[in-house]
Amino acid sequence: MESILSVENLKTYFFTKKGTVKAVDDISFDLRKGELLCIVGESGSGKTVTALSILRLIESPGKIIDGRIILNGRDLPGLSPGQMQDVRGNKIAMVFQDPHSSLNPIFTIGYQVDEAITAHKSVNENETTSKSIELLELVGIPMAKERYHDYSHQFSGGMKQRVVIAMALACHPEVLIADEPTTALDLTVQAQILDLFLELRNKFFMSIIYITHDLAVVSEIADSIVVMYAGRIVEKGSREDIMSNPLHPYTKGLIRCLPSDHGEIVPIPGTIPNLINLPQGCVFHPRCIHSMEICRKKRPSLNMVKEAHYVSCFLYGDNHE
Ligand code: SF4
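Read on for a plain summary of the structure. Note that this is a predicted model, so its numbers are computed, not measured.

What counts as what
Residue numbering note: each chain is counted from 1, following its sequence as written. Residues qualify for local features only when their pLDDT is at least 70, as the model is predicted, and side-chain atom pairs are given and counted only at 80 or more; totals for whole chains, interfaces and linings, by contrast, use all residues. Processing note: side-chain calculations cover all non-hydrogen atoms of the structure and skip hydrogens and water entirely. The pairing criterion for strands is at least two bridges between them, as found by DSSP. Each helix is a run of H or I in the DSSP string that is no shorter than four residues. Each strand is a run of E no shorter than two, and both are numbered from the N terminus. Relative accessibility decides the category of a residue: with a 1.4 Å probe and only protein chains considered, values under 20% of the type maximum give buried, values over 50% give exposed, and everything between is partly exposed. The contact rule is simple, with two residues in contact once any of their heavy atoms fall within 4.5 Å. Between the rings of Phe, Tyr and Trp (Trp by its six-membered ring), a pair exists once the centres lie within 6.5 Å; its type follows the angle of the planes, with under 30 degrees stacked, over 60 edge-to-face, and the other angles tilted. Think of it as a cone above the ring: NZ of Lys or CZ of Arg counts as a charge over the ring if it is within 6 Å of the ring centre and within 35 degrees of the ring normal. What makes a residue near a molecule or strand is one non-hydrogen atom of that residue sitting within 4 Å of it. Under the grouping applied here, Gly and all other residues not named as nonpolar or charged are polar, the nonpolar ones being Ala, Val, Leu, Ile, Met, Phe, Trp, Tyr, Cys and Pro and the charged ones Asp, Glu, Lys and Arg.

Taken together, four strands build an open sheet; the order of strands is β2-β1-β4-β5 and the sheet is antiparallel. With partners counted over all chains shown, the strands left at the sheet margins are β2 (19-32) and β5 (74-75), one partner each. Pairing analysis gives two bridges linking strand β4 (residues 62-71) to β5, with the strands arranged antiparallel. Within β5, the position partnered with I70 by the bridge is D75.

Along helix α11 (residues 249-256), the residues classified as buried are P249, Y250, T251, G253 and L254. On the buried face of α11, the contacting elements are α9 (215-221), β9 (224-229), β10 (232-238) and α10 (239-244).

Under the criterion given, the structure shown has six aromatic pairs. An angle of 25° between the planes, with centres 4.7 Å apart, marks the rings of F107 and Y111 as stacked. Look at F107 and you get partly exposed, because its relative accessible area is 32%. Judged by its relative accessible area of 37%, Y111 is partly exposed. Plain terms: the ring middles of Y229 and F284 are 5.1 Å apart, the flat faces sit at 90° to each other, and that makes the pair edge-to-face. On the criterion of sequence distance, the pair formed by Y229 in strand β9 and F284 in the loop between α11 and β11 (303-306) is long-range, its members being 55 residues apart. When sorted by exposure, Y229 lands in the same class as F284, which is buried. Put simply, the rings of Y229, Y250 and F284 pair up and form one aromatic cluster. Taking NZ or CZ as reference, R147 lies 4.0 Å from the ring centre of F155, over its face. For K236, the ring lying beneath its charged end belongs to Y310, and the centroid distance is 4.8 Å.

Take the site of the ligand next. Neighbouring the ligand are H248, P249, C282, F284, H285, C288, H290, S291, C295, C313, F314 and L315. Of the residues in the shell around the ligand, the class split is eight nonpolar, four polar and no charged.

By the element assignment, D241 lies in helix α10. Judged by its relative accessible area of 9%, D241 falls in the buried class. Those residues in contact with D241 that sit more than four places away from it in its chain are P246, K306, E307 and H309.

When you line up the elements, I141 lands in the loop between α5 (125-138) and α6 (144-147). Separated by 56 residues in the primary sequence, I141 and F197 place their C-alpha atoms 14 Å from one another. Filtering out sequence-adjacent residues up to four positions away, I141 remains in contact with L136, R147, F155, M159, R162 and V163.

None of this, on its own, says anything about what the molecule does.
Laid out in structure tokens, this is it:
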């Protein structure tokens, strides 16, 4: 399948008074047309910074210091601010974690979806209204025609997130990035929103990057998975590869944290390292039960161990010592 978005050797650092935070440090992955790619990792792993880097929304003291982000052949870091503005919304849209902060309580829902449509296209008023209602129906808002006139406080958390997704879809983006979009919602609503993402992928063959810390969510919806740890990719592959045959000790640890009918939940010992003062060698070595001498000295590279399954660990492939 053709790749629609390629991230190549991306490095995004934050230059703080305390030192340089290597929030994203040399990561590469591809998103193919119609693919739902999940980026998973604990908080501080660099997932959100990756998404914000793709949209060029990194603010000072952060900076993309190296790498390429290619959307349909165009290198995004090379675009002017005006061209990038056009990409955001028209080509790539983002849904954030908290739907409350994405909606303005003083305007009707309909007005805000209308705004999302007209921000990038000139459309007459009647057309805009019917398009907004169509979008609200598409994301599963019941009685969309009537609810078009309501305000956000009249919507539940799940319904608000549906409205935010409708706004993101307003300009038919080629890539939709969702950053922990269900974290603020209860479990039943979370399942409904996950179904909505799957429906969008299936119906419109949309390419979606779904960011989450929750491997249970990933196991439900992902086509492929990128596992991040301390700003680096430690493993990537298809859902089947990662969930049924995880290789990296960190991925295995995340899977052991999943609740299951048999067996106990085993948390990964320790915490994510301080990104200003990363351990030398493999950044996971202080928490790894397989750590060897080389792990404390050298950084393992991300190598392919079988078709499209990559791991960064001295236990495998070309890294194997
Ligand atoms: Fe563990 Fe070494 Fe592999 Fe890092 S490189 S995950 S420390 S075995």
